[in-house]
Amino acid sequence: MDLRIVTAAQRPDLKAQFATDGLDPWPTYMGMDPIGELYYSDVRTAHPEYVLLAHDAAAPDQAVARAYCVPFSWDGDPVAGELPVDGWDGVIWRAARDRQLGRAPDLVSALEITVAADLLGTGLSAVMLRAMRDNVSRLGHRDLVAPVRPNHKHLSPRMPIDRYAALTRSDGLPQDPWLRVHVRAGGRIVGTTPRAMVIPGTLQEWRSWTGLPFNESGDVEVPEALAPVHCSVEQGHAVYVEPGVWVHHRL
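Our subject in this report is the structure included herewith. Please read all numbers here as calculations on a predicted model, not as lab measurements.

Thoughts on the pattern of salt bridges
Then, in step 1: Tallied over the entire structure, the rule returns 14 salt bridges.
Then, in step 2: Of the charged contacts, one joins aspartate 2 and arginine 4 as a salt bridge, the two residues approaching to 2.9 Å between their closest N and O atoms.
Then, in step 3: Assessed through its relative accessible area of 41%, aspartate 2 is described here as partly exposed.
Then, in step 4: Here arginine 169 and aspartate 171 are joined by a salt bridge, their closest N and O atoms 2.5 Å apart.

Re the nonpolar core
Then, in step 1: Core analysis: the biggest nonpolar cluster contains 39 residues, and Tyr29, Tyr68, Leu111, Ile199, Trp206, Phe214 and Tyr240 have the highest contact counts within it.
Then, in step 2: At four residues, the largest contribution of residues to this core is made by helix α2 (residues 87-101).
Then, in step 3: Non-local contacts of isoleucine 199, meaning those with residues more than four positions away in its chain, are made with Tyr29, Met30, Met32, Asp33, Trp206, Trp209, Ala238, Val239 and Tyr240.
Then, in step 4: Of all hydrophobic cores here, the second largest spans 27 residues; its members include Leu119, Leu124, Leu129 and Trp178.

A word on the environment of valine 198
Then, in step 1: Along the polypeptide, valine 198 turns up in strand β6 (residues 187-202).
Then, in step 2: Sequence-wise, valine 198 and aspartate 21 are 177 residues apart; in three dimensions their C-alpha atoms are separated by 23 Å.
Then, in step 3: Among all residues touching valine 198, those that are not within four sequence positions of it are Asp33, Pro34, Asp89, Val239, Tyr240 and Val241.

Let's talk about the side chain of arginine 133
Then, in step 1: Along the polypeptide, arginine 133 turns up in helix α3 (residues 124-138).
Then, in step 2: Summary of buried charges: arginine 133 has no salt-bridge partner, and the nearest side chain of opposite charge, aspartate 134, is 5.6 Å away.
Then, in step 3: A distance of 2.8 Å separates a polar atom in the side chain of arginine 133 from a polar atom in the side chain of histidine 249.
Then, in step 4: With sequence-adjacent residues up to four places away left out, arginine 133 is seen in contact with Leu144, Ala185, Gly186, Gly187, His249, Arg250 and Leu251.

Topic: the packing of helix α1 (residues 34-46) against α2
Then, in step 1: The N-to-C vectors of α1 and α2 enclose an angle of 50°; their axes lie 10 Å apart at closest approach. Judged on the interaxial angle alone, α2 and α1 are oblique. Where α1 crosses over α2, the two elements pack in a sense that is left-handed. Note on element contacts: α2 touches α1 through Trp88, Asp89, Ile92, Trp93, Ala96 and Arg99, opposite Ile35, Gly36, Leu38, Tyr39, Asp42 and Ala46.
Then, in step 2: Partitioning the contact of α1 with α2 into residue classes produces eight nonpolar, one polar and three charged.

Here we look at α3
Then, in step 1: In this model, α3 (15 residues) spans 21 Å end to end at C-alpha, consistent with the 21 Å of a helix rising 1.5 Å per residue.
Then, in step 2: Listed as buried for α3 are Leu124, Ala126, Met128, Leu129, Ala131, Met132, Arg133, Asn135 and Val136.
Then, in step 3: One or two residues past the end of α3 sits glycine 140, with phi positive at roughly 100°.

Examining the packing of aromatic side chains
Then, in step 1: Enumeration over the complete set of coordinates arrives at seven aromatic pairs.
Then, in step 2: Here tyrosine 39 and tryptophan 88 contribute two aromatic rings whose centre-to-centre distance is 5.0 Å and whose plane-to-plane angle is 80°, an arrangement assigned as edge-to-face. Of the two residues, tyrosine 39 sits in helix α1 while tryptophan 88 sits in helix α2, which places them 49 residues apart along the sequence. Both residues of the pair, tyrosine 39 and tryptophan 88, belong to the buried class.
Then, in step 3: Note on tryptophan 206 and phenylalanine 214: the rings are 5.8 Å apart at their centroids and 35° apart in plane angle, and the pair reads as tilted.

Details of unusual backbone geometry
Then, in step 1: Phi at phenylalanine 214 is positive, roughly 45°, even though this residue is not glycine.
Then, in step 2: If you trace the backbone, phenylalanine 214 turns up in the loop between α6 (203-210) and β7 (218-220).
Then, in step 3: In this model, glutamate 224 sits at a positive phi of 75°, which is unusual for a non-glycine residue.
Then, in step 4: Within the element layout of this structure, glutamate 224 appears in the loop between β7 and β8 (229-232).
Then, in step 5: Given a relative accessible area of 38%, glutamate 224 falls into the partly exposed group.

Cut-off values and rules
- Residues numbered from 1 in each chain as written.
- Predicted model: local features only at pLDDT ≥ 70, side-chain atom pairs only at ≥ 80, totals over all residues.
- Heavy atoms only, no water.
- Salt bridge = Lys/Arg side-chain N within 4 Å of Asp/Glu carboxyl O.
- Buried < 20%, exposed > 50% of the residue type's maximum accessible area, 1.4 Å probe, protein only.
- Core = buried A, V, L, I, M, F, W, Y, C linked by side-chain atoms within 4.5 Å.
- Helix = DSSP H or I, 4+ residues; strand = E, 2+ residues; numbered from the N terminus.
- Contact = heavy atoms within 4.5 Å.
- Lys, Arg positive; Asp, Glu negative; His and termini not counted.
- Polar contact = N/O pair within 3.5 Å; in protein donor to acceptor, adjacent residues only side chain to side chain.
- Axes fitted to C-alpha atoms, helices over the stretch in contact; angles between N-to-C directions.
- Parallel < 35°, antiparallel > 145°, perpendicular 65-115°, else oblique.
- Left-handed = near helix turned anticlockwise from the far one by under 90°.
- Nonpolar A, V, L, I, M, F, W, Y, C, P; charged D, E, K, R; others polar.
- Expected span 1.5 Å × (residues − 1).
- Phe/Tyr/Trp six-rings, centres within 6.5 Å; stacked < 30°, edge-to-face > 60°.

In structure tokens:
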């Protein structure tokens, strides 16, 4: 593939969606975070220079990967891990609030790096991360943070996120593959967030999103979820609180 990476500012016509829905690797429920509605409607139009899209030179109108980040105002020290406790959700609403209030951003957070399902395992995610780092640096920022969604955490949904983030291989690198990509790119794990994303729904909604019965109260393990979903039959709802790992990149 003759890969080309452009910003949405350079190519506002290039859509982030992949060729078919089947190439988007995210499970249905991951698109149901209420804060996500603000993300999908706001980030590309408000901060197009922070949005990267990759395409094959032979197919210039079809994205094969995307990498989104946003600038926001933050008083804490990212090097010390002083970052939003509400992770992904928190970055999104803060970025929108700052823009509405006219606050100058002083930190950039990654929000998403997604590769089409048929290209997973090709190293394209690492390419997009390097491109994101370079682009954020080009825009004049010294720091990039990321509320990383560890891609193998779903294999240990009941393990606390702090314990999972600390797991390493014999070479000292993180056991989780996506955390490992960040560290190899120059990132450093600086903390965790217990509620990076919150997805509430009625029992019927969760049944439609997952195909699971959701007919007993308690913790429900859902495919690809990083932690169990809390189900209350008595109250008629279920809530997924996804943890994350904060990674800091000094640019």
